[in-house]
Amino acid sequence: MRVLVIEDEHKIANSIKKGLEQEAFAVDVAYDGTEGYDLASTESYDVIILDLMLPGIDGMEICKKLRAEKIHTPILILTAKGQLEDKVKGLNSGADDYLTKPFTFEELLARVKAMTRRPANLTGVVLKVDDLSLDTISYEVKREPRLIKLSAKEYALLEYLMRHANQTLSKDQIISHVWNYDADILPNTVEVYIGYLRNKIDRPFKNKPALIQTIRGFGYKIG
Ligand code: CA
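Worth saying up front: this structure is predicted, and the values here are computed from it rather than measured.

A.B. asks: Help me get a handle on the coordination of the calcium ion, residues and values and all.
C.D. replies: Bound to the calcium ion on the protein side are Asp8 (OD), Asp51 (OD) and Met53 (O), at distances that span 2.1 to 2.3 Å. Binding-site remark: the calcium ion is held by donors from one chain whose sequence spacing is D-x42-D-x1-M. Of this pair, aspartate 8 sits in the loop between strand E1 (2-6) and helix H1 (10-22) while aspartate 51 sits in strand E3 (residues 47-51), and the two are 43 residues apart along the sequence. Classification of aspartate 51 as buried rests on a relative accessible area of 5%.

Written out as structure tokens, the structure is:
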């Protein structure tokens, strides 16, 4: 899951980035509206966290412009305390949810997680492919009957593959949802991480079918 944070207060922006990265999200930060709008309209994100009062283009305007361009990425608006009018305007301009400052990181995380639950996954927070399961709340990954320990990046990659089970995903698609804009991605980074995942979810289970498949010339799929 890749998140864009558009917030001019560096302290808030950086603490959101740090917190979300610890939860295995890839996070880009823009400290003004112009850069934020540029990133939001050219890169692909799973959620955008958007402050309203911003230098450059303000948050409400960004929201309207993105929706006008048919970019439907879920948007969580951050509003200052008591600005009810802002909330109403924000939701009318196409935002999906709002959070009033000051907020705790737990509140923010709960909203972001709720927003990334796509309709296809409404049946629950546990993603399943064959006998492999991934719990997006507790981060528990299990291939029956064993619990599997993953690093944050391995988890993020597996979650992305499982949310798109049985679909072939290109390396570019994977990179743009699992790593942030500034990350040092070498051409074989995805292969390397796919290798790590295979070593944990396929190789130890000799009597079971391999779940991660390489689609030569296209990318990877799980299923
Ligand atoms: Ca602000």
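There is more to say, and it comes next.
A.B. asks: Quick one: what's the story with the sheet that holds strand E11 (residues 212-215), residue by residue and with numbers?
C.D. replies: Sheet architecture is open: three strands sit in the order E10-E12-E11, paired in antiparallel fashion. In this open sheet, the two edge strands, each paired with only one partner strand, are strand E10 (169-170) and E11. Sheet topology note: the E10/strand E12 (residues 219-222) ladder contains two bridges and is antiparallel. Paired with leucine 169 across the two strands is tyrosine 220, which belongs to E12. Across the sheet, helix H8 (residues 189-201) lies against E11 and E12, angled at about 145° from E11, the strand it touches most.

A.B. asks: With reference to specific residues and values, describe the packing of aromatic side chains.
C.D. replies: The tally for this structure, following the rule as stated, stands at three aromatic pairs. Centroid distance tyrosine 139 to tyrosine 155: 5.0 Å. Interplanar angle 70°. Geometry classified as edge-to-face. With a gap of 16 residues between them, tyrosine 139 in the loop between strand E7 (132-135) and strand E8 (141-143) and tyrosine 155 in helix H6 (residues 152-163) connect regions that are remote in the sequence. The class for tyrosine 139 is partly exposed, based on a relative accessible area of 27%. Accessibility expressed as a relative area gives 5% for tyrosine 155, which makes it buried.

What counts and how
Residues numbered from 1 in each chain as written. Predicted model: local features only at pLDDT ≥ 70, side-chain atom pairs only at ≥ 80, totals over all residues. Heavy atoms only, no water. Donors = N, O, S within 2.8 Å, 3.2 Å for Na, K, Ca; no water. Helix = DSSP H or I, 4+ residues; strand = E, 2+ residues; numbered from the N terminus. Buried < 20%, exposed > 50% of the residue type's maximum accessible area, 1.4 Å probe, protein only. Pairing = 2+ DSSP bridges. Contact = heavy atoms within 4.5 Å. Axes fitted to C-alpha atoms, helices over the stretch in contact; angles between N-to-C directions. Phe/Tyr/Trp six-rings, centres within 6.5 Å; stacked < 30°, edge-to-face > 60°.

From the geometry alone we can't say anything about function, so treat these as descriptive.
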